[in-house]
Amino acid sequence: MTVSDPQNTPQAALQRALGTLGPLDETTIEARTDAYFGRTRHIVEHFGDSRVTYAVFIRRPVIAACGLVTQWLKNVAEAQGFDLECREMYAEGEWVGAGEPLLYLTGSFTRLAPLETLVLQRIGATCVAAHNAYQMAMALPSIPFLAMDARHCAGFEMQEQMAYAAGVGSRAAQKEGARGFIGNANDATAGFFGLDAGLGTMPHALIGYAGSTLRAAEMYDEVYPNDPLTVLVDYFGQEVTDALAVCRRFPDRAAKGHLSVRLDTHGGRFLEGLDPQTSYGVLERHTPGTIRRYRSDQELRDLVGTGVSAAAIWRMREALDHAGFHHVKIVVSSGFNVAKCSTMRDAHAPIDVIGSGSFIPDRWSETYATADIVAYDGQPRVKLGREFLLQKVRDSHDTSKDIS
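Since the model is a prediction, treat every value here as computed from it, not as a measurement.

Criteria and cut-off values
Residues numbered from 1 in each chain as written. Predicted model: local features only at pLDDT ≥ 70, side-chain atom pairs only at ≥ 80, totals over all residues. Heavy atoms only, no water. Helix = DSSP H or I, 4+ residues; strand = E, 2+ residues; numbered from the N terminus. Polar contact = N/O pair within 3.5 Å; in protein donor to acceptor, adjacent residues only side chain to side chain. Contact = heavy atoms within 4.5 Å. pLDDT = per-residue confidence, 0-100. 1 Å grid on protein atoms, 1.4 Å probe; cavity = no way out; pocket = protein on both sides within 12 Å on 5 of 7 lines; lining within 4 Å. Points joined across faces, edges and corners; volume = space filled by probe spheres on them. Nonpolar A, V, L, I, M, F, W, Y, C, P; charged D, E, K, R; others polar. Pairing = 2+ DSSP bridges. Axes fitted to C-alpha atoms, helices over the stretch in contact; angles between N-to-C directions. Right-handed = clockwise from strand over helix to strand, strands pointing away. Phe/Tyr/Trp six-rings, centres within 6.5 Å; stacked < 30°, edge-to-face > 60°. Buried < 20%, exposed > 50% of the residue type's maximum accessible area, 1.4 Å probe, protein only. Lys NZ or Arg CZ within 6 Å of the ring centre and 35° of its normal.

### Side note on the side chain of Thr 117
At step 1: In this structure, Thr 117 sits in helix 6 (residues 116–121).
At step 2: Among the polar contacts listed, one links the side chain of Thr 117 to the side chain of Asp 34, at a separation of 2.8 Å.
At step 3: Each residue touching Thr 117, except ones within four places of it in the same chain, is listed here: Arg 32, Thr 33, Asp 34 and Phe 37.

Right under this line is the structure:
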């Protein structure tokens, strides 16, 4: 995987994505937009077009991740043959305060009205997901993340937006010294992370097929002998036992750091050998101050509860080190969102890689973006309560980035 190849840069991936999607024809756009925007277009065509300026904003803090939508708009304008002035108020990856305009779009009212719905679809969730990815990366700055969002997305268009967002949020965090998301789990969007292919080794289904965790590892090694090996160890509820069995079977891989065990224990049970009391004991041995402080119910679950808790991760590290497998890495997944990452930081959990799709917004109402027209034929005018956008549009000419 070559990150320096110009064909594998995030910018090149963005261009490939837009080339695949295309700008959509006018009939399709009108069918997908809200009906009142289509009717507005026909009314304005009847009475005379106007050159308008839209302000696009989100009501909560976000990370600016507008590349998909601005390039899509540029493609639409070129395909339909109209002039579009698109001013980005923030550089990609920059923090944006609640209610601050992200974009100002200026052009023909009859052309822009049908695009409002589709623009908002492409910007709200993307910017919030970028913010979540940034926060996760900053919560655990020394740990690399793997984006495993595709399975949680409603189709490929959302999958593309979420992978793009993780890339943008990560690069913002990397500027501050964090590792961030270093790749994702599928080929189609790997370019957003500067890679040419997705990362990952095996699902639970392969272990079920093989009949044992060890046999699945052997099968993988036979087909991919030169690749690093990450083995899921929770299928049979014997995480520690199966992890050690795999390590003993592949001592050279273990010694060279080319073997990882992945914890994905579901929330219905504890890791092998743990219960509430022993989970507390594990943290008392390694990070006693963490468990003695006041904690919310959710923090306690992440620390000593079922599933992939901090105690579970520490217990796996204990077992590996006690058996002499100090270089075997621990990969974790299952519900690693911003809050869980922060708890793991407090517990100093010995994590080597995190696989997560939980940067996808879980409160969808927070992703709602809004667009308001703030000028008609150069005359400032906006609905009551949004007057703050008028000052922004005046200032934007001096501080914005014009991509038209």
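### With respect to the confidence of the model for the protein chain
At step 1: Per-residue confidence for the protein chain gives a mean pLDDT of 92, with 92% of residues at or over 70.
At step 2: Residue range residues 398–404 is modelled with pLDDT below 50. Its contacts to residues more than four positions away, or to other chains, number 17 contacts.

### Here's the deal with empty space enclosed by the protein
To find leftover empty space, a probe the size of one water molecule is rolled over the atoms.
At step 1: Taken as a whole and judged by the stated rule, the model has 3 cavities of 30 Å³ or more.
At step 2: Here the second largest cavity defines a volume of roughly 60 Å³.
At step 3: Along the walls of the second largest cavity sit Tyr 54, Val 56, Leu 105, Leu 112, Leu 115, Glu 116, Val 119 and Ala 371, which together make up its complete lining.
At step 4: Where the lining of the second largest cavity is concerned, the elements lending two or more residues are strand 1 (51–58) and helix 6.
At step 5: Partitioning the lining of the second largest cavity into residue classes produces 7 nonpolar, no polar and 1 charged.

### A look at the layout of surface pockets
At step 1: The space that makes up the largest pocket amounts to roughly 810 Å³.
At step 2: In terms of lining residues, the largest pocket is bounded by 31 residues, among which Leu 146, Leu 199, Gly 200, Thr 201 and Thr 230 are the most central.
At step 3: When its residues are assigned to classes, the lining of the largest pocket shows 18 nonpolar, 8 polar and 5 charged.

### Section: the sheet that holds strand 9 (residues 259–263)
At step 1: Read across the open sheet, the 6 strands follow the order 7-6-11-10-9-8; overall the sheet is parallel. At either margin of the open sheet sits one strand with a lone partner, and together these are strand 7 (180–184) and strand 8 (229–232). Neighbour to neighbour, the strand axes of the sheet diverge by 30° on average, direction disregarded.
At step 2: In the sheet, strand 8 pairs with strand 9 via 4 bridges, with the strands oriented parallel. Across the sheet, the residue bridging to Val 231 is Val 261, located in strand 9.

### Here's the deal with the environment of Gly 281
At step 1: Following the sequence through the fold, Gly 281 ends up in helix 13 (residues 276–286).
At step 2: Note: C-alpha distance between Gly 281 and Arg 315 (34 residues apart in sequence) is 10.0 Å.

### Brief notes about the pairing of strand 10 (residues 329–332)
At step 1: For strand 9 and strand 10, the ladder comprises 4 bridges, and the chain directions are parallel. Considered in strand 10, the bridge of Arg 262 is made with Val 331.
At step 2: Bridge analysis of strand 10 against strand 11 (residues 353–356) gives 2 bridges, and the strand direction is parallel. In the sheet register, Val 332 faces strand 11, and the bridge partner there is Ile 354.
At step 3: Read from strand 10 through helix 17 (residues 338–346) to strand 11, the crossover connection turns out right-handed.

### Re the packing of aromatic side chains
At step 1: Following the criterion strictly, the structure yields 8 aromatic pairs and no others.
At step 2: Ring plane angle 65° and centroid distance 5.6 Å describe the contact between Tyr 164 and Phe 192, whose orientation is recorded as edge-to-face. One end of the pair, Tyr 164, is in helix 8 (residues 156–174); the other, Phe 192, is in the loop between strand 7 and helix 9 (204–210), with 28 residues separating them in the sequence. Of the two residues, Tyr 164 and Phe 192, neither departs from the other in class, the shared state being buried.
At step 3: For the cation-ring pair, Arg 249 lies above Phe 250, with the distance from its terminal atom to the ring centre recorded as 4.8 Å.
At step 4: The ring of Phe 336 has Lys 340 sitting right over it, with the charged end atom 4.4 Å from the ring centre.

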